[in-house]
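Per-entry structural report
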Amino acid sequence: MKRLLFALGVMLIAAFAAAQERTAPGANAEVYFIAPNGGATVHSPFTVRFGLKGMGVAPAGVKFDNTGHFHLLIDSDFDSLKLDEPLPATDKLLHFGKGQTETNLTLPPGKHTLEIVFADYLHKSFDPPLHSKKITITVE
Ligand SMILES: [Cu+2]
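A brief report on the enclosed structure follows. In this text the structure is predicted, and so the values were computed from the model without any measurement.

Overall, the coordinates contain four aromatic pairs when judged by the stated rule. Ring centres of phenylalanine 50 and phenylalanine 96 lie 5.0 Å apart, and the angle between their planes is 55 degrees; this geometry places the pair in the tilted category. With a gap of 46 residues between them, phenylalanine 50 in strand β3 (residues 46-53) and phenylalanine 96 in the loop between β6 (93-95) and β7 (102-105) connect regions that are remote in the sequence. Grouping aromatic residues by their ring pairs yields a cluster made of Phe50, Phe70, Phe96, Phe118 and Phe126.

Rendered as C-alpha cells:
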C-alpha cells in the first residue's frame, strides 16, 4: 500500500510538472563556467565550479522566485534535450538539486564536452533556456 501511494505520488508530481508552463529566466541572467576553462587539460577528479548572474540558487522542489539549480551536461548536445519535460537524470545529465555550486568530476581520459544547464525547481528549463557555452576539456 505504501509503495502504491508512493507510485501515485510520483505520478502526480510528474503530471503536475508536465502541466506547468516553463517560466522566464531573470533578465540578463547568465550561467558560465568558473572552472575549468574551455580548452583546459585536467586530471580526474577535477573540480567544476558553476557561475551564475542575475538569478539565485535554490534546492530542487523549493519554489522561490527567480531561482533554480545547476545541471551539468556531459558529452551531449543541448539541442538533444526535450525542454518541455523535466530534465532527466542520467550519467550524461547530472542534477545538483541540493543547490550545489561546484562538484568533483571523474571522467575517462580523452576529450570531453561540458555544458551547464540551469533549470527551475521542477527541473524544467527556463524559456528561453538558460545554459552556458559548451566547453571542451582534455582529461589526462
Ligand atoms: Cu534538476
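Moving on, there is more to tell.
A word on the pairing of strand β5 (residues 67-74). Moving residue by residue along a regular strand, the side chains alternate between the two faces of the sheet. Most of β5 sits out of view: eight of its eight residues are buried. As judged from the two bridges shared by strand β4 (residues 56-57) and β5, these two strands associate in the parallel manner. By the bridge assignment for β5, glycine 56 is matched with threonine 67. Summarising the sheet, β5 and strand β8 (residues 110-119) pair through six bridges and their orientation is antiparallel. Following the sheet pairing, isoleucine 74 is matched in β8 by leucine 114. In this structure, β5 lies alongside β6, joined through three bridges in antiparallel fashion. Across the sheet, residue leucine 72 finds its bridge partner in β6, namely leucine 94.

What counts, and at which threshold
- Residues numbered from 1 in each chain as written.
- Predicted model: local features only at pLDDT ≥ 70, side-chain atom pairs only at ≥ 80, totals over all residues.
- Heavy atoms only, no water.
- Phe/Tyr/Trp six-rings, centres within 6.5 Å; stacked < 30°, edge-to-face > 60°.
- Helix = DSSP H or I, 4+ residues; strand = E, 2+ residues; numbered from the N terminus.
- Buried < 20%, exposed > 50% of the residue type's maximum accessible area, 1.4 Å probe, protein only.
- Pairing = 2+ DSSP bridges.

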